[in-house]
Amino acid sequence: MSGISEAAKRGRGNWSLEEKWRLVEEARLPGNSVAEVARRRGVHSNLLFRWMRAAEAGQLGGPLEP
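The notes below deal with the structure included here. (Residues numbered from 1 in each chain as written. Predicted model: local features only at pLDDT ≥ 70, side-chain atom pairs only at ≥ 80, totals over all residues. Heavy atoms only, no water.)

When the terminal C-alpha atoms of helix α4 (residues 45-56) are compared, their 17 Å separation across twelve residues agrees well with the 16 Å that a helix rising 1.5 Å per residue should span. Within α4 the residues assigned to the buried category are Leu 48, Trp 51, Met 52, Ala 54 and Ala 55. Viewed end-on, α4 has its buried residues packed into an arc of 165°, placing them on one side of the element. Along α4, the residues that are exposed and aim more than 90 degrees away from the buried face are Arg 50, Arg 53 and Glu 56. Buried residues along α4 sit against α2 (17-28) and α3 (34-41). (Helix = DSSP H or I, 4+ residues; strand = E, 2+ residues; numbered from the N terminus. Expected span 1.5 Å × (residues − 1). Buried < 20%, exposed > 50% of the residue type's maximum accessible area, 1.4 Å probe, protein only. Arc of directions from axis to C-beta. Contact = heavy atoms within 4.5 Å.)

Turning next to the packing of aromatic side chains. Evaluated as defined, the whole model comprises one aromatic pair. When the centroid spacing of 5.8 Å and the interplanar angle of 65° are considered together, the rings of Trp 15 and Trp 51 count as edge-to-face. Of this pair, Trp 15 sits in the loop between α1 (6-10) and α2 while Trp 51 sits in helix α4, and the two are 36 residues apart along the sequence. No difference in accessibility class separates Trp 15 from Trp 51, as the two residues are buried. (Phe/Tyr/Trp six-rings, centres within 6.5 Å; stacked < 30°, edge-to-face > 60°.)

Structure follows, in structure tokens:
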């Protein structure tokens, strides 16, 4: 194991709109903690909360198509 997290490998600002929506939807599922989803996916919880607020305000772009 290299010790470098997935978030560190990704660098800053490399989250696609599709990835953001997946994380937002996962965090919204009943029983999921936003902080835990963020930790598992390698994103800071404050950023995930920001994406969730943007999604609720209609500022994150269109949701994923089923």
